[in-house]
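Listed below, chain by chain, are the residues.
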Amino acid sequence: MSIIKNSQNKPHEFSVFLTIGIPTYNRAEKLKRLLRQFSLLNSYLDVKKWNIEILVSDNCSSDSTLSVVAEAYDELVSSGYLVSSYRQGKNLGLDGNSLFVINNAKGKYLWFFSDDDILIPANISSLFEDIKQIEPGVCLSNFIQPPYTEDNTIFLSKESEEAKILTNPVESIRALKKYAKLTNYVIARSFFLDSNYSEKINEIVERCSGQYYLFLAFSVLAYFSSGKVLIRKASIAKCDDDYLCLEYSPRVFENLNAVLKETLIALEKDQYVKVVTRKERFYLRLRNSMKFLLLHYQGKITLSDKVLSDEEAFIKNSPLWVLIHPLCIVLYIKLHLIWVLNKKKNKRNNY
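Within each chain, residues carry numbers counting from 1 in the order of the written sequence. Reporting of local features is limited, given that this is a predicted model, to residues whose pLDDT is at least 70; pairs of side-chain atoms are given and counted only at 80 or more, and all residues count toward the totals for whole chains, interfaces and linings. The basis for the side-chain values is all heavy atoms of the structure; hydrogens and waters are excluded.

Colleague: Honestly, the pairing of strand β1 (residues 16–24) in this entry has me stumped. Any pointers?
Modeller: Every regular strand shows the same layout, with side chains that alternate between the two sheet faces. For β1, the tally of buried residues reaches nine of nine residues, placing the bulk of the element in the interior. DSSP calls a pair of strands paired once it identifies at least 2 bridges connecting them. Every helix listed is a DSSP run of H or I at least four residues long, and every strand listed is a run of E at least two residues long, numbered separately from the N terminus. Pairing geometry for β1 and strand β4 (residues 107–112), over five bridges, is parallel. Residue V16 lies in a different strand from β4, and its bridge partner there is G107. In the sheet, β1 pairs with strand β2 (residues 52–58) via seven bridges, with the strands oriented parallel. Considered in β2, the bridge of L18 is made with I52. Burial status follows relative accessibility: with a 1.4 Å probe on protein chains alone, a residue under 20% of its type maximum counts as buried, one over 50% as exposed, and anything between as partly exposed.

Quick look at the structure:
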């Protein structure tokens, strides 16, 4: 899969300030809510003045996504947006659809926005002002997190600070990984105009596609292209109620490390690669699996039946050496007690 278009078709300059890129799949009602929110943003800022594109890429949905976009088109255009809409002929997966958005955006900056997240309109004007003034490679803003990820909230060292510019590579890379939520990221696309990056971009795509975090790979590339990461205290969006239902394995979160490593190797920045052993990587997968199983049993989230079955099997079939880690021991004991109690309860119900 290649991201770079034919050189004769590459733009010499960006035609809009910022593209709001929305990769979507079978979430017609949530997309309808989101597009409606953007159409009402004029109450908080002059959309036309900012020269903004909304790009929707429908990943071959089987619901009414196509008609939702068509119905929203006129209202968005009258609100001052340039609107671009695409429907994929087949499902490209999250990374493939995100890649399409990156490649077809017209903006100098690209703001990824998950189709199920909810905009906080009062904080968007300051976001655009900060980006225009500071011109970072990546801008990370706060996101109102679901309860089980509150540790990923952006806290600045000084209470009075509203934003902070990071330039140190270690600190910047750590921030890009820590706040890895699609809607958090606004990335500068200036590296698209630099022919020196063409081969690097293609190599990163080959190394990282299919692991759900291609947007992280491109944020790292955007940072090294500009040397600046801007982190902001203000929240620009929040999750909707569906955060309570997880339909994919929590072990996928460990892919962050793999994507980060492959990206840094491709960029020849090996000095910033943290060596993670096979045992450590397995431990991280195990920890995530047990953590989310406990949240499910405690009624704080819901795992789909398939995910629940897969994660229980993964834990029960894991080798005992992984329990050397103290946290794994604690989590495993809690899970084991729940399994024993559930087994006794089911036994009583059968009598």
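Colleague: What should I look at first to understand the packing of aromatic side chains in this one?
Modeller: Describing an aromatic ring pair means giving the distance of the ring centres and the angle of the ring planes. Note on ring pairs: Phe, Tyr and Trp rings are taken, using the six-membered ring of Trp, and paired if centres are within 6.5 Å. Classes follow the plane angle, with under 30 degrees stacked, over 60 edge-to-face and the rest tilted. Counting across every chain of the model gives 18 aromatic pairs. Ring centres of Y86 and F100 lie 4.9 Å apart, and the angle between their planes is 75°; this geometry places the pair in the edge-to-face category. A residue pair is termed long-range when its members are at least 10 positions apart, and Y86 in strand β3 (residues 82–87) and F100 in helix α4 (residues 93–104) qualify at 14 residues. Seen from their ring centres, W111 and F113 are 5.2 Å apart, and the 65° between their planes marks the pair as edge-to-face. Aromatic rings pair up to connect F17, F38, W50, Y109, W111, F113 and F128 into one cluster.

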